[in-house]
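Read off the chains here:
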Amino acid sequence: MHYEQLGYTDGVHGEGATMTTVLSLIFWDIVFMDGIMDTFWSPFQSQPLDLRWDNFYLNRKKEIDRRLEELSNWSDEVLCEKVENCWTAHVGETCVLTSWDLFKSVDHVKSLVTCIGGSVLAKILEKILKDHRHCRGGMPDLMVWNRKDKTFKFAEVKGPGDRLSHKQMLWLDFLLSVGVDAEVCHVQAVGARQLKRVNSSDTKT
């Protein structure tokens with residue numbers, strides 16, 4: 001409701017799953033590429049065995065770097081085409097990076113990636129691809145965007161007494177450093193439940 005009042009038309013509460021789903025739709029062929037020793041022992045694997053190891057990126061460095069460079073220069077039209085082609089080809093397939101039900105449809109994803117743009121997406125996805133083991137945690141809870149004016153925001157939601165973890169602080173610092181709008185949204189308890197807690201505390205004192 002808060003962000004809707006600020007003019008954001010869409011939102012996803014997915015934490016790290018939001019960006020890893022986008023990543024999978026742009027890098028699916030590279031994540032599952034053949035020819036890398038000891039990464040696939042079964043055709044039913046939902047991920048390569050090296051995904052959360054340092055050599056995941058090193059084993060695919062040439063292909064990942066090329067795709068990142070391409071992504072940073074893709075127009076919105078090309079970006080949408082790539083995402084839709086991958087979604088159509090693989091929707092419903094099990095992949096540890098992909099949360100198919102997080103988005104309402106492929107058009108929902110496309111509205112997000114066009115708001116972010118290829119250049120910024122490349123910077124965010126590069127960080128995840130180079131160190132997935134340590135970067136898959138700590139991403140902001142909420143992502144909101146306005147498909148009309150192509151604005152977007154990452155928000156880490158914190159309730160009373162909650163504090164940012166070290167990983168969350170690192171992600172927020174990184175997002176701000178690459179020019180992304182990111183913030184901490186502090187939620188305050190309201191209503192009868194809060195009054196009951198206060199009254200209970202007052203009684204004990």
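Attention here is on the structure that accompanies the text.

Conventions used here
- Residues numbered from 1 in each chain as written.
- Predicted model: local features only at pLDDT ≥ 70, side-chain atom pairs only at ≥ 80, totals over all residues.
- Heavy atoms only, no water.
- Helix = DSSP H or I, 4+ residues; strand = E, 2+ residues; numbered from the N terminus.
- Buried < 20%, exposed > 50% of the residue type's maximum accessible area, 1.4 Å probe, protein only.
- Contact = heavy atoms within 4.5 Å.
- Areas by Shrake-Rupley, 256 points an atom, 1.4 Å probe, with all protein chains shown as cover.
- Pairing = 2+ DSSP bridges.
- Axes fitted to C-alpha atoms, helices over the stretch in contact; angles between N-to-C directions.
- Salt bridge = Lys/Arg side-chain N within 4 Å of Asp/Glu carboxyl O.
- Parallel < 35°, antiparallel > 145°, perpendicular 65-115°, else oblique.

Once that is clear, we can look at the overall build of the chain. Scanning the chain for helices and strands turns up ten helices and four strands. Counted from the first residue to the last, the chain has its helices and strands arranged as α-β-α-α-α-α-α-α-α-β-β-α-β-α. When its C-alpha atoms are laid out on the principal axes, the chain stretches across 70 × 40 × 35 Å. When the 205 residues of the chain are sorted by exposure, 43% land in the buried category. Long-range pairs, those at least 24 residues apart, make up 72% of the contacts in the chain between residues at least 6 apart in sequence. When the accessible area of the chain is evaluated, it comes to approximately 11,600 Å², of which 51% is carbon and sulfur surface.

Moving on, we come to the sheet that holds strand S4 (residues 182–186). The strand order across the open sheet formed by four strands is S1-S2-S3-S4, and the pairing between neighbours is mixed. The sheet is open, and its two borders are formed by strand S1 (10–13) and S4, each paired with just one other strand. The average angle at which neighbouring strand axes cross in this sheet is 25°, direction not considered. One ladder, built from five bridges, connects strand S3 (residues 151–158) with S4; its direction is parallel. What sits directly across from Lys-158, in S4, is His-186. Helix H6 (residues 106–116) contacts S1, strand S2 (142–146) and S3 of the sheet and is inclined by roughly 80° relative to S2.

Let us look at the pattern of salt bridges. Between side chains of opposite charge, a pair can form as their charged atoms come close. Inspection of the entire model under this criterion finds twelve salt bridges. Note that Arg-147 is salt-bridged to Asp-10, the shortest N-O span being 3.0 Å. Remark: Asp-10 occurs in strand S1 and Arg-147 occurs in the loop between S2 and S3; sequence separation between them is 137 residues. Exposure remark for Arg-147: the relative accessible area of 40% places this residue in the partly exposed category. Where salt bridges share partners, they join Asp-29, Arg-67 and Glu-70 into one cluster.

Two elements in contact, helix H2 (residues 16–31) and H6, have axes separated by 12 Å at closest approach and are oriented at 95°. Judged on the interaxial angle alone, H6 and H2 are roughly perpendicular. Two secondary-structure elements touch here, H2 through Thr-18, Met-19, Val-22 and Leu-25 and H6 through Val-109, Leu-112, Val-113 and Ile-116.

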